[in-house]
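Notes for the structure review
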Amino acid sequence: MNVAIIGTGYVGLVTGASLALLGNTVKCHDIDQEKVNLLLKGRVPFFEPYLESIVQDQVTQKRLIFSSNLSTCISDADFIFITVGTPTDQVSGAVNLEYVCKAATSIGKLLTPDKSPVIINKSTVPVGSHKIVQKMIEEGVYQSGNDNVHFAVASNPEFLREGSAIIDFFYPDRIVIGSENTEALARLELLYRPLLDQSFNPPTTIPPRPEGFSQVPLIKVDPISSELIKYASNAFLAMKISFINEIANISDRLGGNIHDISRGIGLDRRIGPHFLKSGLGWGGSCFGKDLKGLVFDASASGYNPKVLTAVLESNSLQRTVPILKLQSYLKSLRGKSIGVLGLSFKPDTDDLRDAPSIEIIKKLVDLHAIVKVYDPVAMNHFRANYPSLPIKYANDEYDLVNSLDGLILVTEWDQFTQLDWKKIYDKMKHKVVVDGRNVLDKNCLEAIGFVYYGIGS
Ligand SMILES: NC(=O)C1=CN([C@@H]2O[C@H](COP(=O)(O)OP(=O)(O)OC[C@H]3O[C@@H](n4cnc5c(N)ncnc54)[C@H](O)[C@@H]3O)[C@@H](O)[C@H]2O)C=CC1
Ligand SMILES: O=C(O)[C@H]1O[C@H](OP(=O)(O)OP(=O)(O)OC[C@H]2O[C@@H](n3ccc(=O)[nH]c3=O)[C@H](O)[C@@H]2O)[C@H](O)[C@@H](O)[C@@H]1O
């Protein structure tokens, strides 16, 4: 089948490359010419396991094409996916639908009577946006002056996690599609059929099926429910983390061990073991943005969503916890040399969007600490995004810890758990470590002589 992808960011590129790997011909369009140029050279502009080799392979097989010309991409498409950004408007707090609307109108202008594509919104959007997408496409059609143009609109939210996006595409927990048009739903089911079939043999270039993976449920719903499923999923996951963070804060005061507590809670099948890792707060491009979007939608409908607003507030406070722990030991941080280990919002990505490291570093700078940072992949990105922050960039972990008064582990890159902590102990001036992700061996660090603070342990 012929597929067009509009917006080749994380979601667009993963979707496009994966659909090509399933045998479709996929044409990807982006308005960012630099991004398109990079992709034409087979380079992926961000870090995502498996993606670059799939892109290169599919480009060679001529199943994956990149172009900055929208018309080339959609002229023969059976399916057109909109996968552009939906950031929060900094002034109103509402979701900025500008990119979705522009993409929809541009598509509408180019539709012709000989094709009747399904136009699928995969961007995460406020509830009811499918109607706006429909209207914007119609507006484009009207501007083009074309008659007899047919298309259908559908919603197909994306649930991938950065760092495991390819695995999430091929082995999803569910696929959700929503439309008022039953034919569009049937056609989308056909596109996703390979993933839904139990006999599906995954391409050898991707990791094998995770243990316990079973058939993928297809959830066919109305578009409002589809849009709300996405917001509610992210809100629930964020709430689950904020819940365990709150229990960790309580445990800190009462003397429990959060590892044991999380295990004890998670073994209840009604709760489940995932997303119960406490730490210095969640981040990333979507949890905060989507929670705010849902709060906005709820408030606009006259409902005050108290649980959701509490989750946002609690997460913002959680980012101050490691600093409070350092202060409890070092007292004033003025003139103290503090190391930040990890910058990206989570490991295995260089994404800094709403990364807790940013707020923590800014707060340390405000407190007049001397801040030094290290991250295995996100430092160049950080330097480019925050050029005026007065911080030092270390060459590696051991360079970072030289003469430090305190160290905060912010991102749990695997390599940080393998460090020679005796060597680090010898290099640091004050031997205090705040493990913001509870991944270090507390007993081992304390045996070396460190003052160790976890979050709830
Ligand atoms: N990043 C993630 O892990 C996930 C993101 N989402 C949602 O998917 C959507 C996209 O997110 P990302 O891929 O992270 O964004 P991104 O910012 O990485 O990519 C968006 C791309 O769209 C392009 N673009 C903007 N307007 C365009 C237009 N009119 N025509 C063509 N291209 C255009 C931009 O240049 C950019 O390359 C958002 O709504 C997000 O909430 C959903 C699930 C996971
Ligand atoms: O809509 C989106 O953009 C995506 O948002 C999240 O995916 P992602 O942001 O890539 O990352 P997660 O693995 O969910 O982690 C988010 C944040 O929560 C933190 N986290 C996660 C799990 C946990 O137990 N504890 C915890 O603090 C992570 O460190 C990270 O800062 C969701 O997991 C995806 O399903 C969704 O598609």
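Residues numbered from 1 in each chain as written. Chains lettered and ligands numbered in written order. Predicted model: local features only at pLDDT ≥ 70, side-chain atom pairs only at ≥ 80, totals over all residues. Heavy atoms only, no water.

Concerning the overall build of the protein chain
In terms of helices and strands, the protein chain carries 19 helices and 14 strands. For 457 residues, the compact-globule estimate of 2.2 N^0.38 gives 23 Å, and the protein chain sits close to it at 24 Å. Oriented by its inertia axes, the alpha-carbon framework of the protein chain measures out at about 75 × 50 × 45 Å. The buried share among the 457 residues of the protein chain stands at 53%. Relative to all contacts within the protein chain whose residues are 6 or more apart in sequence, the contacts with residues 24 or more apart total 73%. (Helix = DSSP H or I, 4+ residues; strand = E, 2+ residues; numbered from the N terminus. Rg over C-alpha atoms; globule rule 2.2 N^0.38 Å. Buried < 20%, exposed > 50% of the residue type's maximum accessible area, 1.4 Å probe, protein only. Contact = heavy atoms within 4.5 Å.)

A closer look at the layout of surface pockets
Counted as a void, the second largest pocket has a volume near 160 Å³. Taken together, Asn 249, Asp 252, Arg 253, Val 321, Leu 324, Lys 325, Ser 328 and Tyr 453 form the lining of the second largest pocket. In terms of residue count, helix H13 (residues 321–330) provides more of the lining of the second largest pocket than any other element does, 4 residues in total. Across the lining of the second largest pocket, the residue classes break down as 3 nonpolar, 2 polar and 3 charged. (1 Å grid on protein atoms, 1.4 Å probe; cavity = no way out; pocket = protein on both sides within 12 Å on 5 of 7 lines; lining within 4 Å. Points joined across faces, edges and corners; volume = space filled by probe spheres on them. Nonpolar A, V, L, I, M, F, W, Y, C, P; charged D, E, K, R; others polar.)

So, the site of ligand 1
If you check the shell around ligand 1, you find 26 residues, and the closest are Asp 30, Lys 35, Thr 86, Thr 124 and Lys 289. Lys 35 is positioned such that a nitrogen or oxygen atom in its side chain is 2.6 Å from an oxygen atom of ligand 1. Within the contact set of ligand 1, an oxygen atom lies 2.9 Å away from a backbone nitrogen or oxygen of Thr 124. Within the residue set of the shell around ligand 1, elements represented by two or more residues are helix H1 (10–21) and helix H5 (98–110). (Near = heavy atom within 4 Å. Polar contact = N/O pair within 3.5 Å; in protein donor to acceptor, adjacent residues only side chain to side chain.)

Considerations on the environment of Pro 202
In this fold, Pro 202 is placed in the loop between helix H8 (182–196) and strand E8 (218–221). Note: C-alpha distance between Pro 202 and Cys 101 (101 residues apart in sequence) is 35 Å. When near neighbours in sequence (up to four residues on either side) are disregarded, Pro 202 contacts Tyr 171 and Arg 209.

Overview of the UniProt feature "active site" (unreviewed entry) in the protein chain
As annotated by UniProt and renumbered to match this structure, "active site" (unreviewed entry) occupies Cys 286. You can see Cys 286 is positioned in the loop between helix H10 (258–266) and helix H11 (287–300). (UniProt positions renumbered as here; feature names shortened; annotations may be inferred.)

Some points on empty space enclosed by the protein
The final tally for this structure, using the stated rule, is 1 cavity of 30 Å³ or more. The calculated volume of the largest cavity comes to roughly 50 Å³. In terms of residue class, the lining of the largest cavity is built from 2 nonpolar, 4 polar and 2 charged.

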